[in-house]
Amino acid sequence: MMTSEQLKKVIIPQNLRFTKYEETVPREILGEITSLSATPHVLIITGMRRAGKSTLLKQINENLFSSKQTYLNFEDEKLLSFTSEDFGAVHETFLELSEKVDVVFFDEIQNVDKWEIAIRRYHGEGIKVILTGSNASLLSREFGTKLTGRHIDIVLYPFSFREYLVFRKIELSDKDFYLPEISALLRKEFNIFFVKGGIPEYLRFEREEIIQQIYEDILIKDIIVRYGIGDERSFRELAKLLLSNPGKLFSYNKLKTNLGFGSVNTVKSYISFMENSYLLFQVEKFSPSLKKQIINNKKIYCIDNAFLNLVSFETSDNLGRKLENLVYVELRRRKYTIHYHREKYECDFVLSLKNKVVRVIQVCYQLDDDNIAREINGIIEAASFHDLGEGLILTMDQEEEKRENGIKITIAPVWKWLLKIN
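In this report, we go over the structure that sits alongside the text. (Residues numbered from 1 in each chain as written. Predicted model: local features only at pLDDT ≥ 70, side-chain atom pairs only at ≥ 80, totals over all residues. Heavy atoms only, no water.)

## Thoughts on the packing of aromatic side chains
The tally for this structure, following the rule as stated, stands at 28 aromatic pairs. Here the aromatic rings of Phe18 and Tyr71 are separated by 4.2 Å at their centres, their planes lie at 5°, and the arrangement is stacked. Here Phe18 is found in helix α1 (residues 4-19), whereas its partner Tyr71 is found in strand β2 (residues 71-73), with 53 residues between them in sequence. Ring centres of Phe161 and Tyr164 lie 6.0 Å apart, and the angle between their planes is 15°; on these two criteria the pair is classed as stacked. Within this pair, Phe161 and its partner Tyr164 are both found in helix α7 (residues 161-167), separated by 3 residues, close to a single helical turn. The same class applies to Phe161 as to Tyr164, namely buried. Here the aromatic cluster, defined as three or more aromatic residues joined through ring pairs, consists of Phe74, Phe82, Phe87, Phe94, Phe106 and Tyr122. Note that Arg332 overlies the ring of Phe281, its terminal NZ or CZ placed 3.9 Å from the centroid. We note Arg334 situated over the ring of Trp417; from NZ or CZ to the ring centre the distance is 4.3 Å. (Phe/Tyr/Trp six-rings, centres within 6.5 Å; stacked < 30°, edge-to-face > 60°. Helix = DSSP H or I, 4+ residues; strand = E, 2+ residues; numbered from the N terminus. Buried < 20%, exposed > 50% of the residue type's maximum accessible area, 1.4 Å probe, protein only. Lys NZ or Arg CZ within 6 Å of the ring centre and 35° of its normal.)

## A closer look at the layout of surface pockets
Using a probe with the size of a water molecule, rolled over the atoms, empty space left in the structure can be pinpointed. By volume, the largest pocket amounts to about 1,400 Å³. Elements with a minimum of two residues in the lining of the largest pocket: α1, α3 (53-64), β2, α7, α9 (200-205) and α10 (208-227). The dominant element in the lining of the largest pocket, judged by the number of residues it contributes, is α3, at 5 residues. Taken together, the residues of the lining of the largest pocket sort by class into 10 nonpolar, 7 polar and 17 charged. Taken as a whole, the second largest pocket spans an internal volume of roughly 640 Å³. (1 Å grid on protein atoms, 1.4 Å probe; cavity = no way out; pocket = protein on both sides within 12 Å on 5 of 7 lines; lining within 4 Å. Points joined across faces, edges and corners; volume = space filled by probe spheres on them. Nonpolar A, V, L, I, M, F, W, Y, C, P; charged D, E, K, R; others polar.)

## A closer look at the sheet that holds β2
Taken in spatial order, the 5 strands of this open sheet run β2-β3-β4-β1-β5, and their pairing is parallel. The two strands at the open ends of the sheet, each matched to only one other strand, are β2 and β5 (151-155). Shown here is a sheet whose adjacent strand axes are inclined to one another by a mean of 15°, direction ignored. Note: β2 against strand β3 (residues 103-107), 3 bridges, orientation parallel. In the strand pairing of β3, Asn73 is matched with Asp107. Strands β1 (42-46), β3 and β4 (128-133) of the sheet are contacted by helix α5 (residues 115-124), whose axis makes an angle of about 155° with β4. (Pairing = 2+ DSSP bridges. Axes fitted to C-alpha atoms, helices over the stretch in contact; angles between N-to-C directions. Contact = heavy atoms within 4.5 Å.)

## Quick notes on the pattern of salt bridges
If the charged atoms of two oppositely charged side chains come close together, the side chains can form a pair. For the coordinates displayed, the defined rule picks out 32 salt bridges. One salt bridge in this structure joins Lys335 and Glu32, with 2.7 Å as the shortest N-O distance. Pair noted here: Lys335 is in the loop between α16 (319-333) and β9 (337-342) and Glu32 is in helix α2 (residues 30-36), with a separation of 303 residues, a long-range link. For Arg374, the salt bridge goes to Glu375, with nearest N and O atoms at 3.4 Å. Residue Glu375 is classed as buried on the basis of its relative accessible area of 8%. (Salt bridge = Lys/Arg side-chain N within 4 Å of Asp/Glu carboxyl O.)

## Focus on helix α8 (residues 180-196)
Two residues of an α-helix separated by three or four positions point the same way, owing to the 3.6 residues in each turn. Spanning 17 residues, α8 covers 25 Å between terminal C-alpha atoms, matching the ideal 24 Å at 1.5 Å per step. Every buried residue belonging to α8 is among Ile182, Ser183, Leu186, Arg187, Glu189, Phe190, Phe193 and Phe194, and all of these are buried. Considering only its buried residues, α8 is in contact with α7, α15 (305-310), α16 and α18 (414-418). Count one or two residues on from α8 and you reach Gly197, which has phi positive near 75°. (Expected span 1.5 Å × (residues − 1).)

## Remarks on the environment of Val350
By the element assignment, Val350 lies in strand β10 (residues 346-353). According to the relative accessible area criterion, Val350 is buried, its value standing at 0%. Residues contacting Val350, with those up to four places away along its chain left out, are Phe286, Thr337, Ile338, His339, Tyr340, His341, Val357, Arg359, Val360 and His386.

## What about the environment of Lys344?
Here Lys344 lies in the loop between β9 and β10. We classify Lys344 as exposed; its relative accessible area is 68%. For the pair Lys344 and Ser183, spaced 161 residues apart in the sequence, the C-alpha separation amounts to 37 Å.

Read these as layout, nothing more, since geometry by itself doesn't imply function.
Given below as structure tokens:
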């Protein structure tokens, strides 16, 4: 058991930092969290390591809760011996520091075994609980047993292009957006964002070692140690291979054979671990049959383009895939359910809301004589298949509208699309 004095040595300096004002980029998700703050539910904010979850907690506190000093980050090395039994002493320390506890913030809660028992107790006493964690499956599983229906999950991604521009102190109005000089500026900034991605710490310090370290922390702390992976070399080879092939079709069987795994289940498990840690995501082929969705080949995408540029096997012909990856992450941010279309032709993204297909999107770095027929045929087939009258092709620079086979096809630069809400 940790003593009150031991806890104070952690809680007091942490809360001083937590309540100290810092100029940060207001996260767009704050609006959603504000609307949820009045509910009695526990709020669980998940996302990749260093995506900005701790900073978001500070912003929530500053905007909604008047800087109450009830924060504890379990990534602190002084808390390595912390167990669920120590939550009682934590609460006493919070009361000693704040006199009254209405809200508690716990950062990286998954580092404590049986944490859900204490959180249920806080919730039962009417205290607002806001948590962060870096493992989606772990948090959902534990809360599913102890707080069914009493929590709301929120995913935080690295900076969007809109947030990146705020970070760069570039403010835009709707009127400015159409000025030639502003378009040139935005296009230039997008070139940077396309390569560097949106991880706040990396953008701030511009040190490649930061991305390498985040990648290592995800692999080692969030996956290898947590799940007890013995064959670290094979796991790393799989991660590197998937990172190097965003947007490409793969099968579990082929990965098993090519990398020498003992079973398909091992490959599936390793990929699910990477998904739970928000490093990689799988996309399935759209099919009305759930069974067919499961057995068809998958596509893989990465949480941020910085990993593709600094960790994967770099290839010069991968620009289109990286653009597709960037679009995929934005689609997740906009809360679409995402599939790909593949019949006679292929379309990158089939997007659904509330189990209804609402949009199809194709991504191509540059349309030219070699690929335009393929890209157009893919968007037409996907739109027709889903009874949609239009489709969108996102490119690096091109902009045009056309109609073919009764389908309205909009061709637009990715950077312009990123700055629009829908």
